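The lines below spell out each chain.
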Amino acid sequence: MEPDTKVTPGERQQEFIEKEHLHKRKVTICRTMLLVLFLAVWELCARLEIIDDFIFSSPSRVFQCFWNMTSDGSIFEHIGVTLFETLLSFLLVVVLGIAMAVLLWSSRTVSEILEPYLVMLNSLPKSALAPMLIVWMGNHIHTIVAAAVSVAVFGSVLTLYHGFREMDPDKMKLIYSLGGTKRDVFLKVLLPGSIPMIISNMKVNVGLCLVGVIIGEFLTAQKGLGYLIIYASQIFKLDMVMMSIIILCIVSAGLYQCISWLEKKI
């Protein structure tokens, strides 16, 4: 008799898990190799004078600049300021976005009145508003946070509002037919069903808030990575400019991963 070679569901599940782990390892290795290759080519081109390292800098010069600013602690102050402004504006965008989207969903009249204006404000280049915000609010952190909020909040409201409108209409009709109110629909259908959409919206908004903060720091700031970029470019310290841009990339990726971790937990 031939031995029974039937694969059990548990073995198939274990095989699938092993394949997923192998795939993740491959992706991680490829990402790391791609980054190392980019840095190596960049450094090699600078050392062979294929590119001008004064203009394009190099990984070694960027690291040296970072080490110098780490020694006196100034870089951490700039990172902390930008991170605080980004998190504050992100929190405001999340709260205002959800609150305004719920208001538009709860009132057809209000939504029909405000939607064209929200579309117009969302399409407006926010950098055009920044000089006016300085005149209206002065040269301090409130202006930077307002600039960051203006970049993300209008698109967030429209995205959430249209997502609320597309929630399962059959469930809503069922609640209404059983004597439920709009509050019941919101708590039992709209809010639970919108959590994935809200998290996805947060992933986009955290990057937009960082962009808005940098725009604000370009125009009105004495500290922060945006201020550091403008200051360094004016005195032709391009190593500092590249270092600030790289740190911004790392901060942006870190914030995105935090939202992804929150998504898995929820």
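Sequence positions are assigned chain by chain, starting from 1 and proceeding in written order. The predicted nature of this model means local features are confined to residues of pLDDT at least 70 and side-chain atom pairs, given and counted, to a pLDDT of 80 or more, with totals for whole chains, interfaces and linings taken over all residues. Water and hydrogen atoms play no part in the side-chain values, which are based on all heavy atoms of the structure.

## Some thoughts on the confidence of the model for the protein chain
Operational definition: Confidence per residue, as judged by the predictor, is encoded in pLDDT with a range of 0 to 100. Each helix is a run of H or I in the DSSP string that is no shorter than four residues. Each strand is a run of E no shorter than two, and both are numbered from the N terminus.
In this model, the protein chain carries a mean pLDDT of 85, and residues with pLDDT of at least 70 account for 97%. The secondary-structure element of the protein chain with the lowest mean pLDDT is helix 8 (residues 169–177), recorded at 73, while helix 4 (residues 74–106) shows the highest, at 91.

## Description of the packing of aromatic side chains
Applied cut-off: Think of it this way: a Phe, Tyr or Trp ring, Trp meaning its six-membered ring, pairs with another when their centres are within 6.5 Å, and the plane angle makes it stacked under 30 degrees, edge-to-face over 60, tilted otherwise.
Taken as a whole, this structure holds three aromatic pairs when the rule is applied. With a centroid separation of 5.9 Å and an interplanar angle of 40 degrees, the aromatic rings of Phe38 and Trp42 are classed as tilted. You can see Phe38 and its partner Trp42 sitting in helix 1 (residues 9–47), four residues apart, about one turn around the helix. Ring centres 6.5 Å apart and planes at 25 degrees place the aromatic pair Phe63 and Trp67 in the stacked group.

## Some thoughts on a nonpolar patch on the surface
What counts here: Distance thresholds for patches are 9 Å for like charges and 5 Å for nonpolar side chains (Val, Leu, Ile, Met, Phe, Trp, Tyr), applied to residues having over 30% relative accessible area and no salt bridge. Method for areas: the Shrake-Rupley scheme with a 1.4 Å probe, in which residue coverage is limited to the protein chains shown. Only one rule defines a salt bridge in this text: a Lys or Arg side-chain nitrogen within 4 Å of an Asp or Glu carboxyl oxygen.
Where nonpolar side chains cluster on the molecular surface, the patch consists of Phe84, Leu88, Leu92, Leu96, Met100 and Ile141 and spans about 460 Å² of accessible area. Relative to the helices and strands, Phe84 is located in helix 4.

## Section: the pattern of salt bridges
Put simply, the rule is: Relative accessible area decides the class of each residue, using a 1.4 Å probe on protein chains only: under 20% of the type maximum gives buried, over 50% gives exposed, and in between gives partly exposed.
The full count for this structure, using the stated rule, is seven salt bridges. Close ionic contact of Arg61 with Asp239 constitutes a salt bridge, the shortest N to O distance being 3.0 Å. In this pair, Arg61 is assigned in helix 3 (residues 59–72) and Asp239 in helix 11 (residues 238–265), connecting sequence segments 178 residues apart. Judged by its relative accessible area of 15%, Asp239 falls in the buried class. Here the salt bridges do not stand alone but share partners, grouping Asp53, Arg61 and Asp239 into one network.

## Observations regarding the nonpolar core
Rules: The set of buried Ala, Val, Leu, Ile, Met, Phe, Trp, Tyr and Cys residues whose side-chain atoms join them within 4.5 Å is what this entry labels a nonpolar core. Residues are treated as being in contact if the distance between any of their heavy atoms lies within 4.5 Å.
Formed by 50 residues in total, the largest nonpolar core has its most connected members in Trp105 and Met243. Looking at this core, the elements that each hand over two or more residues are helix 3, helix 4, helix 7 (141–165), helix 8, helix 9 (182–219), helix 10 (225–234) and helix 11. With 11 residues, the top contributor of residues to this core is helix 9. Apart from the residues within four sequence positions on either side, Met243 is in contact with Val62, Cys65, Phe66, Met69, Ile75 and Leu228.

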